[in-house]
Amino acid sequence: MGNAVFTFGVMIAWACLIRVQSMPRDILELPAPPADRRLSYGPNALHFGDLRMPAGAGPHPAIIYIHGGFWRAKYGLEHAGHFCEALRSAGVATWNIEYRRVGQDGGGWPGTLDDVLRAARFIERIARSHPIELERVLVAGHSAGGQLALWVAAQDAIELRGAVSLGGVVDLRRAFELRLGDGAVEQFLGAAPDEAPERYTATSPLELLPFRTPQLLIHGTRDDVVPIELADRFDAASNNCKILRLEGGDHFDAIDPRSAYWPMIADTLLRALAV
């Protein structure tokens, strides 16, 4: 799809200047509303995802969602249920996927990548039995999930309306240099850039540019987990990208429906899906 399809609404959103107090990080611990169904997309015990379908006959637009957590086993998909439930209430089907992570058998390079691509492509099978409109699908991810979402889009293996990074690690070499997540990038790829440069070239969204799927970066200016510097570097290098800067926002404001930024974020995503 071209830029004309992926306009993401009014331009004022890109220069948002609202300043509000960031939400607490308890979004990671709050129990989320249950999903409609938990589906398996592969043979491994961690090959599953949570499907939420909006009310009505449809067909509905959909978001494939990839949770973050610096690719580590410590963090699962549960907290992402809040983000997905809020979008379901707004008329969007959500496919919140789990995958093997660092610390689990097969997690990290390349198993994590294999899993998320397999899970993303599974949306086509879901659409056979659920009213999902495959012409209106985004892939989105938070933090490390932002890297995975843009990587999926760059593979060009499924038709996507766009790829969304929410506080994403979109430049793996720079993230390695900054020691983000106490060395999370090196743990994920199993090597430093000088030891396995080809792994960074093949997985870092910045180094995969240009790719066909349009990109949207949503990032808090006060993100102290993944600095907005990474989003700015990616935006400067891409000719098919929009950036929504959350002035005063932290790492979790982009995925917390209680955040004062949420109406703007939700509206941006709905416009991208032409809801």
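Everything that follows concerns the structure shown earlier in this document.
Residues numbered from 1 in each chain as written. Predicted model: local features only at pLDDT ≥ 70, side-chain atom pairs only at ≥ 80, totals over all residues. Heavy atoms only, no water.

Q: Run through helix H9 (residues 229–237), naming residues and quoting values.
A: Restricting attention to buried positions, one finds in H9 the residues Leu230, Ala231 and Phe234. Across the axial projection of H9, the buried residues extend over an arc of 95 degrees, all falling on one side. On its buried face, H9 sits against helix H4 (144–155), helix H5 (172–177), helix H8 (205–208), strand E7 (215–220) and strand E8 (241–246). (Buried < 20%, exposed > 50% of the residue type's maximum accessible area, 1.4 Å probe, protein only. Helix = DSSP H or I, 4+ residues; strand = E, 2+ residues; numbered from the N terminus. Arc of directions from axis to C-beta. Contact = heavy atoms within 4.5 Å.)

Q: Provide a residue-level description of the environment of Asp224, including the pertinent values.
A: Mapping Asp224 onto the fold places it in the loop between E7 and H9. Among the residues examined, Asp224 registers a relative accessible area of 58% and is labelled exposed. Residues Asp224 and Ala157, spaced 67 residues apart in sequence, show a C-alpha to C-alpha distance of 33 Å.

Q: Can you lay out the packing of aromatic side chains for me, pointing to particular residues and giving the numbers?
A: All told, the structure shown has 6 aromatic pairs when counted by the stated rule. When the ring of Phe70 is compared with that of Trp71, the centres are 6.2 Å apart and the planes differ by 50 degrees; the resulting orientation is tilted. Seen in terms of ring centroids, Phe83 and Trp262 are 5.4 Å apart; in terms of plane orientation they differ by 75 degrees. Their pairing is edge-to-face. Of the two residues, Phe83 sits in helix H1 (residues 81–89) while Trp262 sits in helix H10 (residues 262–272), which places them 179 residues apart along the sequence. Considered together, Phe83 and Trp262 belong to a single accessibility category, that of buried residues. Ring-pair connections join several aromatic residues into one group, and the members of that group are Tyr65, Phe83 and Trp262. (Phe/Tyr/Trp six-rings, centres within 6.5 Å; stacked < 30°, edge-to-face > 60°.)

Q: Residue-level account of the layout of surface pockets, with values.
A: For the largest pocket, the calculated volume is near 260 Å³. Lining the largest pocket are 14 residues, and of these Leu28, Gly69, Phe70, Tyr75 and Phe252 lie nearest its centre. Tallied by class, residues from the lining of the largest pocket come to 5 nonpolar, 6 polar and 3 charged. (1 Å grid on protein atoms, 1.4 Å probe; cavity = no way out; pocket = protein on both sides within 12 Å on 5 of 7 lines; lining within 4 Å. Points joined across faces, edges and corners; volume = space filled by probe spheres on them. Nonpolar A, V, L, I, M, F, W, Y, C, P; charged D, E, K, R; others polar.)

Q: Report on unusual backbone geometry, specifying residues and quantitative values.
A: The omega torsion of the bond from Gly58 to Pro59 falls at 5 degrees, within 30 degrees of zero and hence cis. With respect to the secondary-structure elements, Pro59 resides in the loop between strand E2 (48–52) and strand E3 (60–66). Omega for the bond connecting Trp109 with Pro110 falls within 30 degrees of zero, at -10 degrees, which places this linkage in the cis form. At Asp156, a position not held by glycine, the phi torsion is positive, near 55 degrees. Mapped onto the elements, Asp156 comes out in the loop between H4 and strand E6 (162–166). Although it is not a glycine, Asp182 adopts a positive phi angle of roughly 55 degrees.

The analysis is restricted to geometry; functional conclusions fall outside its scope.
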